[in-house]
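What follows is each chain in one-letter form.
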Amino acid sequence: MPFITFEGIDQSGKSTQIEKLAAALGQAGIAAIQVREPGGTALGDRIREILLGPEHEGMDSWSEALLYAAARAQLVSEVIRPALAAGKTVLSDRYIDSSLAYQGFARRLGCQRVLDLNLWATEGLLPDLTLVLHLDVACSRSRLSLRDTGEDRIESEPLDFHKRVEDGYHKLEGMFPDRITGIDGDKSVEEVFSRIVALCRQRFGWEL
Ligand code: TYD
């Protein structure tokens with residue numbers, strides 16, 4: 001069964017779209033599970049706290065990349081592979097491409113080196129389809145400022161960092177055109193969702 005991942009900068013609307021797709025799959029009788037990164041396992045949730053806690057301001061970039069990969073390794077072996085083996089579709093809010101965009105491009109560790117690390121950590125598990133919701137960085141920042149919760153360690157990075165993340169996603173789309181499809185996340189929730197439904201129909205033959 002397919003493994004589908006959703007990517008994009010903060011506030012790009014990934015979570016809303018994943019919820020909608022999960023509901024549509026449920027209605028169509030297609031067995032699916034939803035996961036999000038970092039987290040989704042007891043170990044991964046502990047790693048998430050370390051990664052996003054503002055107290056770890058001086059975290060080394062490779063430590064960061066390795067912690068994301070460690071959380072991912074656990075999620076793949078404990079949840080994603082067993083679900084795929086049981087014939088379920090897996091929808092993930094972020095996966096390897098987040099590490100490529102944030103650590104590879106924005107932290108400048110190098111896309112290929114971060115990819116190698118993650119292929120090692122996941123034993124080569126790549127998604128069948130990755131949907132990147134593109135959003136203007138200024139728009140993401142203003143949506144973030146409207147939220148009443150504080151910023152986490154990654155969200156509080158400067159504007160330039162977030163621009164490198166968004167540019168990174170565009171580069172990834174060019175590098176992996178068969179797997180990654182970009183979608184304009186600035187459109188209405190319904191417009192974005194109908195594009196996703198159309199892509200899933202084309203790719204997996206689903207009538208949603
Ligand atoms: P989260 O609150 O889940 O953000 P979002 O709702 O935007 O997905 O926080 C995850 C943060 O971690 C987010 O800012 C992106 C970052 N991140 C990385 O830098 N590398 C990664 O590999 C992953 C999975 C996330």
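These figures come from a predicted structure and were not determined experimentally. Residue numbering note: each chain is counted from 1, following its sequence as written. Thresholds applied to this predicted model are a pLDDT of at least 70 for local features of residues and 80 or more for the giving and counting of side-chain atom pairs; totals over whole chains, interfaces and linings are not thresholded and use all residues. Note that water and hydrogens are dropped before the side-chain values are worked out from all heavy atoms of the structure.

1. Digging into the pattern of salt bridges
Within this document, salt bridges are pairs made up of a side-chain nitrogen of Lys or Arg and a carboxyl oxygen of Asp or Glu, the two lying within 4 Å of each other. Going through the model one piece at a time under the given rule, you end up with 13 salt bridges. A salt bridge links Arg107 to Glu64; the shortest N-O distance between them is 2.9 Å. A residue pair is termed long-range when its members are at least 10 positions apart, and Arg107 in the loop between helix 4 (96-106) and helix 5 (111-121) and Glu64 in helix 3 (residues 61-85) qualify at 43 residues. Just as Arg107 is buried, Glu64 falls in that class too. Secondary structure elements are taken from DSSP: a helix is a run of H or I of four residues or more, a strand is a run of E of two residues or more, and numbering for both begins at the N terminus. Only protein chains enter the accessibility calculation, which uses a 1.4 Å probe; a residue whose area is less than 20% of its type maximum is buried, one above 50% is exposed, and one in between is partly exposed.

2. Brief notes about helix 3
By this rule the span expected of a helix is its residue count minus one, scaled by 1.5 Å. Look at helix 3: 34 Å from first C-alpha to last across 25 residues, which is about the 36 Å you get at 1.5 Å a residue. Among the residues of helix 3, those classed as buried are Glu64, Ala65, Tyr68, Ala69, Ala71, Arg72, Leu75, Val76, Val79, Ile80, Ala83 and Leu84. What makes two residues a contact is simply this: any of their non-hydrogen atoms within 4.5 Å. On its buried face, helix 3 sits against strand 1 (3-7), strand 2 (32-36), helix 2 (42-52), strand 3 (89-93), helix 4 and helix 5. Definition of a polar contact: a pair of N or O atoms within 3.5 Å, with one able to donate and the other able to accept a hydrogen when the atoms are protein atoms, and with sequence-neighbouring residues admitted only if both atoms are side-chain atoms. Near the N-terminus of helix 3, the side chain that reaches the backbone nitrogen of Trp62, with its oxygen 2.9 Å away, is that of Asp60.

3. Considering the sheet that holds strand 2
Strand pairing is assigned whenever DSSP identifies at least 2 bridges connecting the two strands. Strand order in the open sheet made by the 5 strands is 2-3-1-4-5, with parallel pairing throughout. The open sheet has two free edges, formed respectively by strand 2 and strand 5 (180-184), since each of these has just one partner strand. Adjacent strand axes in the sheet meet at a mean angle of 20° when their direction is disregarded. Of the strand pairs in this sheet, strand 2 and strand 3 are connected by 5 bridges, and their pairing is parallel. Lines are fitted to the C-alpha atoms to define the axes, a helix being fitted only along its stretch in contact, and any angle between axes, read from their N-to-C directions, falls within 0 to 180 degrees.

4. Overview of the pairing of strand 3
Of all 5 residues making up strand 3, 5 are buried, and the element is well covered by its neighbours. Across the two faces of strand 3 the burial is the same, with Thr89, Leu91 and Asp93 and Val90 and Ser92 all buried. Note: strand 1 against strand 3, 4 bridges, orientation parallel. Bridging across to strand 3, Phe3 finds its partner in Val90.

5. Considering the packing of aromatic side chains
Pairs were defined over the aromatic rings of Phe, Tyr and Trp, the Trp ring being its six-membered one, requiring ring centres within 6.5 Å. Orientation was assigned from the angle between planes: stacked under 30 degrees, edge-to-face over 60, tilted for the rest. Scanning the model with the defined rule gives 3 aromatic pairs in all. With centroids separated by 4.9 Å and ring planes inclined at 80°, the aromatic side chains of Phe3 and Tyr95 adopt a geometry described as edge-to-face. Residue Phe3 is found in strand 1, and its partner Tyr95 is found in the loop between strand 3 and helix 4; the two are separated by 92 residues along the sequence. Overall, Phe3 belongs to the buried group, its relative accessible area being 1%. The exposure class assigned to Tyr95 is buried, which follows from its relative accessible area of 0%. Two conditions define a charge sitting above a ring: the NZ of Lys or the CZ of Arg must be within 6 Å of the ring centre, and it must be within 35 degrees of the ring normal. Above the face of the Phe193 ring, Lys20 is positioned so that its terminal group lies 5.0 Å from the ring centre. Residue placement shows Arg179 over the ring face of Phe176; its charged tip is 5.0 Å from the ring centre.

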